[in-house]
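# Structure assessment
One letter stands for each residue in the lines below.
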Amino acid sequence: LSRSQTFMIRLLIACLVALLVSSCLDSHEEVWINSDASGKARIQLSLPMSAVVANGGEKQIQTMIIDYFEATPAFTSYALETSFLQDQLKIDLTMTFDNAFGLKDSISSPAFQKLPDAANDLLGSFKAEIQKRNLTFHRQIDLTKTIPGSVFIPNEQLKDHKLVTIIHLPTAASSHNADSI
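My aim in this report is to walk through the structure given alongside it, one point at a time. (Residues numbered from 1 in each chain as written. Predicted model: local features only at pLDDT ≥ 70, side-chain atom pairs only at ≥ 80, totals over all residues. Heavy atoms only, no water.)

Of regular secondary structure, the protein chain possesses eight helices and seven strands. Long-range pairs, those at least 24 residues apart, make up 58% of the contacts in the protein chain with a sequence separation of at least 6. When the accessible surface of the protein chain is totalled, it reaches about 12200 Å², and 56% of it is carbon and sulfur. (Helix = DSSP H or I, 4+ residues; strand = E, 2+ residues; numbered from the N terminus. Contact = heavy atoms within 4.5 Å. Areas by Shrake-Rupley, 256 points an atom, 1.4 Å probe, with all protein chains shown as cover.)

This next bit is on the side chain of Asp-92. The residue Asp-92 is located in strand 4 (residues 88-97) in this model. Of the polar contacts made by the side chain of Asp-92, one reaches the side chain of Arg-42; its length is 2.5 Å. With residues near it in sequence (within four places) discarded, Asp-92 still touches Arg-42, Ile-43, Gln-44, Ala-79, Leu-80 and Glu-81. (Polar contact = N/O pair within 3.5 Å; in protein donor to acceptor, adjacent residues only side chain to side chain.)

Next up on the list: the sheet that holds strand 4. Read across the open sheet, the five strands follow the order 3-4-2-1-7; overall the sheet is mixed. Where the open sheet ends on each side, the last strands, each with one partner, are strand 3 (75-85) and strand 7 (163-168). Direction aside, the axes of adjacent strands within the sheet are offset by 10° on average. Where strand 1 (residues 26-33) lies against strand 7, six bridges are found, and the strand directions are parallel. The residue of strand 7 that forms the bridge with Glu-30 is Ile-166. Contacts from helix 3 (residues 58-70) reach strand 2 (39-48), strand 3 and strand 4, with the element oriented near 170° to strand 3. (Pairing = 2+ DSSP bridges. Axes fitted to C-alpha atoms, helices over the stretch in contact; angles between N-to-C directions.)

Turning our eyes to something else, we now look at the side chain of Ser-106. Mapped onto the secondary structure, Ser-106 falls in helix 4 (residues 103-106). Here Tyr-68 takes part through its side chain, which lies 3.2 Å from a polar atom of the side chain of Ser-106.

Our focus in this paragraph is the pattern of salt bridges. Counted under the stated rule, the structure contains one salt bridge. Arg-42 is the partner of Asp-92 in a salt bridge, and the nearest nitrogen-oxygen pair spans 2.5 Å. Residue Asp-92 is located in strand 4, and its partner Arg-42 is located in strand 2; the two are separated by 50 residues in the primary sequence. (Salt bridge = Lys/Arg side-chain N within 4 Å of Asp/Glu carboxyl O.)

For the rest of this paragraph, the subject is the pairing of strand 2. Summarising the sheet, strand 1 and strand 2 pair through eight bridges and their orientation is antiparallel. Bridged to Trp-32 within strand 2 is Lys-40. Pairing of strand 2 with strand 4, which is carried by ten bridges, proceeds in the antiparallel orientation. Bridge pairing in strand 4 links Ala-41 to Met-95.

This next bit is on a nonpolar patch on the surface. A surface patch of nonpolar side chains, about 270 Å² in accessible area, is lined by Met-49, Val-53 and Phe-84. Looking at the secondary structure, you find Met-49 in helix 2 (residues 49-54). By relative accessible area, Met-49 is classed as partly exposed at 31%. (Patch = residues over 30% accessible without salt bridge, like charges linked within 9 Å, V, L, I, M, F, W, Y side chains within 5 Å. Buried < 20%, exposed > 50% of the residue type's maximum accessible area, 1.4 Å probe, protein only.)

Here we come to the environment of Ala-111. Within the element layout of this structure, Ala-111 appears in helix 5 (residues 110-113). The contacts of Ala-111, once residues within four sequence positions are left out, are Tyr-68, Ala-71 and Thr-72.

Structure follows, in structure tokens:
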């Protein structure tokens, strides 16, 4: 094949992957942090069937999540439920922790490294700091890593999908860039 033919084939494959994977990727994350830094979190995630198949199916995904939580002492408890709705795997994960600051180490643990790259891509890069009584939290997700081929996805196809993170603090935030409070 010529260089241009190879490029066109790769472009076509990237477009097909984008259409398959982007059929639905929605995330709703909610974290409650208590004044002693303990708390709980709930993550609700919808994965397209192509992502489920690529990661070994529902049982394999459950096993990977359970293995991670069993090997990560930063979490004091967890509950996992999965179900299918149309062509999506719905994951509902609830967890508790004694120290929110200890969670940072959990993403560099050997257990986290065993998770698929997509887990790290969906987590993105983040920075959390406490200075005196101020919490600064910044998170950035690169959709081109989370959803391969996303640069080819038309905006209309993404408009009803959301990645939502809500953080409940023990006292009201004095400033924020949230869409709603």
